[in-house]
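Read off the chains here:
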Amino acid sequence: MASLDSQTEAIKRAKVLMVGAGGIGCELLKTLALSGFQDIHIIDMDTIEVSNLNRQFLFRQTHVGQSKAKVARDAVLKFRPHINITPYHANVKDPEFNVEFFKQFNVVLNGLDNLDARRHVNRLCLAAEVPLVESGTTGFLGQVTVHAKGKTECYECQPKPTPKTYPVCTITSTPSKFVHCIVWAKDLLFAKLFGDKNQGNDLNVRSSDGADSSKHTEDVFERNLDEDSEQYARKIYDHVFGYNTEVALANEETWKNRNRPRPIYISDVLPDRITKKNAKVENGSTESAVSAMSSLGLKNPQDVWSLVENTKIFLEALRLFIVKRTEDIGNLTFDKDDQLAVEFVTAAANIRASSFGIPLHSLFEAKGIAGNIVHAVATTNAIIAGLIVIEAIKVLRNDFHNYRMTYCLEHPSRKMLLMPVEPFEPNKSCYVCSETPLLLEVNTSTSKLRDFVEKIVKNKLGMSSPLIMHGSNLIFEVGDDLEEDVAANYALNLDKVLAELPTPVTNGTMLKTQRRI
Amino acid sequence: MERANHHQNLTSRFSRLQIQMDGEELSAQETALYDRQIRVWGVDAQKRLSKTHVLVNGLNGTAVEFCKNIVLAGVGSLTIMDDRIVTEDALNANFLIPPDAVKDEGSSLAELCCDSLKEFNPMVHVSVERGDLTQLDDEFFDKFDVVVVSCCPFNNKKLINDKCRKRQKRVGFYSVDCRGSCGEIFVDLQDYSYEQKKTDCKSGCHLQYPSFEAAISVPWRDLPRKVSKLYFALRVIEKFELCEGRNPGDTSTSDLPVVLKLRKESCDAQSLNETHIPTGLLERLLAAGAKEHPPLCAILGGILGQEVIKAVSGKGDPLKNFFYFDVADGKGVIEDISPPPTNADGTNGQP
Ligand SMILES: [Zn+2]
């Protein structure tokens, strides 16, 4: 059959780039190799973790800590030894992966897990004019789309939901959901106790705006020389769960239409000191990872602890940080794979939840929320990878009339579990893929070029190193290879208002910005 | 008296220990490994999965994908059967076996696959059973909760399905067939009850599945109007292979004239317009034969894995009772092909 042969040939000759060697990536690399692809390049900056092994089937326990891209390559070469797989243990945003790099491929296949990298690859594919097959999964849901410049919409033609953020006062004073308590425990309390002391932290506000601020100053978080670790932990506990809540309660206005929180003091929950019965554990736990759960004999991460248990975990975790991980204090950021950090955040969030009448959660659930852990199963990734290859083959055959966007559903819709729809046309006013000018309403005699660059070009348009032109005049560009005098000139321009630039920007001026190559 | 008490204490402590050994609690190792999927289907489902025993007969590409998926998911055990000696053709869509195994004449396909599958998840017991599944004692099926057959001849499919149905316990039966870029899954869960979760309220659901034989005996004119063309096409090709004594997929385009004759006979007998079974589709299926399209294997193996996980865990609506995917149109369609209910209580009167 002629068409089959031409398909086989197209596959054999194709040079493809895969971005991501994770859940979708492992499945995709396997299916590409089985389908006859012979020249596959794969970029992934990640290393292998234990929680990958339930679905990223090219990896084994012995590979934990190694490069995903490299191990995936070796695993696939075992069953298809004669194909070429080129791994890059690197970030796709690295400058080596520029437009020229992208231009060598017939198609780019994304198996990414974050918006930022997806946007980046979308723009490079548009600039290099290489079709992109984009994908994503959560749980039993998945999606595959084809983005080909001028033929279908690009990844950014429709606005994407941005990660959820919460108002500061909801986090600091009026939490109503467990997630608010998690954000407080992780971003405020944990950061305050164990993170960079120079970072601004809204937890300060509470400890210094009270009437008797002389007593409760920031020094509460400093450990006095005569305090042992447990005394210190008890002091912190009383301050953040007791005193801070009292201070918040003093503001009657806040609680008019809300349930009043209950201040929690350590003496109410745990009248006696735990003290030295942990001695034997301290000896035993030097080798394995330090854990408050194991020192307290709590085993099941699925259990929802009582207030007393949470309190014990809080004190013990804080004590262990001080005793066992002294050198980490001051430069920690929350990491979902840091057991002690997860224990501390879980306990702190639960105690706060208890204070505010919010249902408590297990460590397992708290870890998921705090770490933004994606729900992932092997089967959905396998299905999505199969669909990606089907679209990739259409791209190679230039069969764009048959491109489809396919949804993988959990519940059938019109009898379908896999539902193809025709791809959308490019959005004519998309600032990423269309040539249509964007209208900007701005006061050109008060707005500085710096505002325009930072707020519009970098933030809104997502160009981290832009080049801005007015006609044939360069107004501004970013780069470390600029001549000294040129750079100085740009720096001068930044502080000028738009109307007073050497080539003034006024009503009706057309500016061109592009990614600097 | 004291002695008796002492004895009692011992046994109660002993039985508690047994329960723990039984895996009532997931171990720390399991929790770490299955973290991401427990977030999808919960701890109870994971525990049920770990007590499930699965048999797979016939290791083509789709079956291999399925095996990978359920070993990763953490079933209790997987038993695989395929005594074929490894050939290059058999490895077309197989990622478990290195190509130099073709020279390894002593080992069967199942034995070679077993070694690789074990590596995917050391917590799953993977083993090989030799012989012909249709010839094994009926009691053999009692060892399993789920039986999956792949590229299985028509008569054997019926036979194995019936053996599953005759057991005291429920043995779920699944068959999967891939021909080129088209595929079919059949599911028989017999009497199946589960809890349906719809926006915070749970309601009990009951499904009654027909056997493969009962399903394909439903008169074509009784079927809903828009049933997948693949359903009819595959029945015609099945009939062709049965009449000619061919193995599944042992076909080529030169068989088209005979198949078109069979199409006419079937359509006439069932009063169905022949346009429901396009010649082009039959031609594609015959030309593909047993050759598999790896992306399709990944898709069908994924759907099949997901269905087994759903059925075992009692979470989510299980598929009833056919699934089709054709790369040409990209649709993954469920068809419910069951005899109409004949009894007043809503059961369908099938044995
Ligand atoms: Zn666009």
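Please read these numbers as outputs of a predicted model, since none were measured by experiment. (Residues numbered from 1 in each chain as written. Chains lettered and ligands numbered in written order. Predicted model: local features only at pLDDT ≥ 70, side-chain atom pairs only at ≥ 80, totals over all residues. Heavy atoms only, no water.)

Colleague: What's the story with the overall build of chain A in this structure? I'm lost.
Modeller: Within chain A, the secondary structure is distributed over 18 helices and 11 strands. Expressed as a percentage of the 517 residues in chain A, the buried residues total 52%. A separation threshold of at least 6 residues defines the contact pool for chain A, and within that pool the share at least 24 residues apart is 65%. Working note: accessible area of chain A is about 24800 Å², and carbon and sulfur atoms make up 50% of it. Averaging the coordinates of the 60 positive side-chain charges in chain A and doing the same for the 64 negative ones gives two points 5 Å apart. (Helix = DSSP H or I, 4+ residues; strand = E, 2+ residues; numbered from the N terminus. Buried < 20%, exposed > 50% of the residue type's maximum accessible area, 1.4 Å probe, protein only. Contact = heavy atoms within 4.5 Å. Areas by Shrake-Rupley, 256 points an atom, 1.4 Å probe, with all protein chains shown as cover. Lys, Arg positive; Asp, Glu negative; His and termini not counted. Charge placed at Lys NZ, Arg CZ, Asp CG, Glu CD.)

Colleague: Teacher, can you tell me more about the nonpolar core here?
Modeller: The tendency in soluble globular proteins is for nonpolar side chains to be buried side by side. Grouped together as the largest cluster of nonpolar side chains are 119 residues, with contacts concentrated most on Phe37 of chain A together with Val56, Leu59, Leu78, Ile80, Phe323 and Phe325 of chain B. Broken down by element, this core gets its largest block of residues, 12 residues, from helix α16 (residues 378–396) of chain A. Not counting residues up to four positions away in its chain, the partners in contact with Phe37 of chain A are Ile11, Ala14, Val16, Leu32, Ile83, Val389, Ile393 and Leu396 of chain A. (Core = buried A, V, L, I, M, F, W, Y, C linked by side-chain atoms within 4.5 Å.)

Colleague: What exactly am I supposed to notice about the pattern of salt bridges here?
Modeller: One side chain can pair with another of opposite charge once the charged atoms of both are near each other. All names here are of chain B. Enumeration over the complete set of coordinates arrives at 47 salt bridges over all chains. In this structure, the salt-bridge partner of Lys163 is Asp138, at a minimum N-O distance of 2.9 Å. One end of the pair, Lys163, is in helix α5 (residues 154–166); the other, Asp138, is in the loop between β3 (125–128) and β4 (146–150), and 25 residues separate them in sequence. The class of Asp138 is partly exposed, set by a relative accessible area of 30%. (Salt bridge = Lys/Arg side-chain N within 4 Å of Asp/Glu carboxyl O.)

Colleague: Explanation requested: the pairing of strand β4 (residues 107–110) of chain A in the structure shown.
Modeller: Residue and element names in this part refer to chain A. Along β4, one buried face is formed by Val107 and Leu109 and the opposite face, lined by Val108 and Asn110, is buried too. With four bridges joining them, strand β1 (residues 15–19) and β4 adopt parallel strand pairing. Within β4, the residue paired with Val19 across the bridge is Asn110. (Pairing = 2+ DSSP bridges.)

Colleague: Any chance you could explain the interface of chain B and chain A here in plain terms?
Modeller: For interface size, the figure often reported is the accessible area lost on association. Taken together, the contact pairs 54 residues of chain B with 52 residues of chain A. Both faces combined, the contact of chain B with chain A buries some 4300 Å², and carbon together with sulfur accounts for 65% of it. When the buried area of chain B at its contact with chain A is split by residue, Arg36, Arg39 and Gln306 of chain B rank highest and sum to 19% of it. Across the contact surface, chain B and chain A share four salt bridges. Across the pair Lys68 of chain B and Glu27 of chain A runs a salt bridge whose closest N-O atoms are separated by 2.7 Å. For the pair chain B and chain A, the number of links is 17 residue pairs in polar contact (both at pLDDT 80 or more). For the side of chain B that touches chain A, the element with the highest residue contribution is helix α2 (residues 28–49) of chain B, accounting for 12 residues. Along the lines of polarity and charge, the residues of the side of chain B that touches chain A split into 29 nonpolar, 11 polar and 14 charged. (Buried area = accessible area lost by both parts, 1.4 Å probe. Polar contact = N/O pair within 3.5 Å; in protein donor to acceptor, adjacent residues only side chain to side chain. Nonpolar A, V, L, I, M, F, W, Y, C, P; charged D, E, K, R; others polar.)

Colleague: Explanation requested: the coordination of the zinc ion in the structure shown.
Modeller: Each angle at a metal carrying four tetrahedral donors should ideally be 109.5 degrees, and each at a metal carrying six octahedral donors should ideally be 90 or 180 degrees. Residue and element names in this part refer to chain A. For the zinc ion, the protein coordination sphere consists of Cys154 (SG), Cys157 (SG), Cys430 (SG) and Cys433 (SG), at 2.2 to 2.3 Å. Bound by four donor atoms, the zinc ion shows angles of 94 to 114° at the metal and therefore tetrahedral coordination geometry. Counting along the primary sequence, the residues that act as donors to the zinc ion give the motif C-x2-C-x272-C-x2-C. As far as burial versus exposure is concerned, Cys154 and Cys157 are alike and both buried. (Donors = N, O, S within 2.8 Å, 3.2 Å for Na, K, Ca; no water. Tetrahedral: all angles 85-135°; square planar, octahedral: opposite > 155°, others 65-115°.)

Colleague: Got a minute to help me understand helix α4 (residues 109–120) of chain B in this structure?
Modeller: Each α-helix turn comprises 3.6 residues. Residues three or four places apart therefore point the same way. Residues and elements named next belong to chain B. When the terminal C-alpha atoms of α4 are compared, their 17 Å separation across 12 residues agrees well with the 16 Å that a helix rising 1.5 Å per residue should span. Where α4 is concerned, the buried positions are Leu109, Ala110, Leu112, Cys113, Cys114, Ser116, Leu117 and Phe120. Against α3 (61–73), β2 (77–81) and β3 lie the buried residues of α4. (Expected span 1.5 Å × (residues − 1).)

Colleague: Is there a simple way to explain the domain arrangement of chain B in this structure?
Modeller: Residue and element names in this part refer to chain B. Here the domain parsing of chain B yields domain 1 (35–214 + 292–333) and domain 2 (217–288). The interface is formed by 20 residues belonging to domain 1 together with 18 residues belonging to domain 2. Summed over both sides, the interface of domain 1 with domain 2 buries roughly 1500 Å², with 62% coming from carbon and sulfur. Summed over the three residues of domain 1 that lose the most area to domain 2, namely Phe154, Arg179 and Tyr324, the buried surface amounts to 44% of that side. The interface formed by domain 1 and domain 2 includes three salt bridges. One salt bridge connects Arg235 with Glu184, and the closest N-O pair in it is separated by 3.0 Å. Of all elements in the fold, only α5, β6 (182–188), α6 (212–216) and β9 (322–326) reach the threshold of two or more residues within the side of domain 1 that touches domain 2. (Domains from an automatic or database assignment.)

Colleague: Looking at this structure, how should I read unusual backbone geometry?
Modeller: Note the cis peptide between Lys320 of chain B and Asn321 of chain B, where omega equals -15°. By the element assignment, Asn321 of chain B lies in the loop between α10 (294–313) and β9. One non-glycine residue, Asn398 of chain A, lies in positive phi territory at about 55°. Within the fold, Asn398 of chain A resides in the loop between α16 and β7 (405–413).

Colleague: So what exactly am I meant to see when it comes to the environment of Phe105 of chain A here?
Modeller: Residue and element names in this part refer to chain A. Along the chain, Phe105 falls in the loop between α4 (99–103) and β4. Through-space distance from the C-alpha of Phe105 to that of Leu511 is 32 Å; in sequence the pair is 406 residues apart. In this structure Phe105 touches Lys15, Val16, Leu17, His41 and Val130, once residues within four positions along its chain are discounted.

Colleague: Just to check I follow, could you spell out the UniProt feature "domain: Ubiquitin-activating enzyme SCCH" (unreviewed entry) in chain A for this structure?
Modeller: Using the residue numbers shown here, the UniProt feature "domain: Ubiquitin-activating enzyme SCCH" (unreviewed entry) corresponds to residues 309–367 of chain A. Between the end C-alpha atoms of residues 309–367 of chain A there is a gap of 17 Å, over a span that is 64% helix and 0% strand. (UniProt positions renumbered as here; feature names shortened; annotations may be inferred.)

Colleague: What's the story with the pairing of strand β9 (residues 466–470) of chain A in this structure? I'm lost.
Modeller: Side chains on a regular strand alternate between the two faces of the sheet. All names here are of chain A. With respect to burial, β9 is a largely interior element, four of its five residues being buried. For β9 and strand β11 (residues 512–515), the ladder comprises four bridges, and the chain directions are antiparallel. Among the inter-strand pairings, Pro466 is bridged to a residue of β11, identified as Arg515. Judged from the four bridges that link them, β9 and strand β10 (residues 473–477) form a sheet pairing that is antiparallel. Residue pairing in the sheet places Ile468 in a bridge with Phe476 of β10. Once β9 ends, the chain turns through two residues before running back antiparallel as β10, passing Gly471 with a positive phi of about 60°.

Colleague: Help me understand the packing of aromatic side chains, please; the structure alone is not making it clear to me.
Modeller: Working definition: an aromatic ring pair is given by the centre-to-centre distance plus the angle between the planes. For the structure on display, the rule yields 35 aromatic pairs over all chains. Judged by centre distance (5.1 Å) and plane angle (75°), the ring pair of Phe186 of chain B and Phe212 of chain B falls under edge-to-face. With a gap of 26 residues between them, Phe186 of chain B in strand β6 and Phe212 of chain B in helix α6 connect regions that are remote in the sequence. Like Phe212 of chain B, Phe186 of chain B is buried. A network of ring pairs unites the aromatic residues Trp184, Phe190, Phe194, Tyr237, Phe241, Phe314, Phe321, Phe334 and Phe344 of chain A as a single cluster. (Phe/Tyr/Trp six-rings, centres within 6.5 Å; stacked < 30°, edge-to-face > 60°.)

Colleague: Sorry, what's going on with the confidence of the model for chain A here?
Modeller: Predicted coordinates in areas of low pLDDT are best not read in detail. Residues and elements named next belong to chain A. Mean pLDDT over chain A stands at 87; residues scoring 70 or higher make up 92%. Counting interchain partners and residues more than four positions distant, the pLDDT-below-50 stretch residues 205–216 has 16 contacts. In the predicted structure, residues 276–287 sits below a pLDDT of 50 and forms eight contacts with residues beyond four places in sequence or in another chain. (pLDDT = per-residue confidence, 0-100.)

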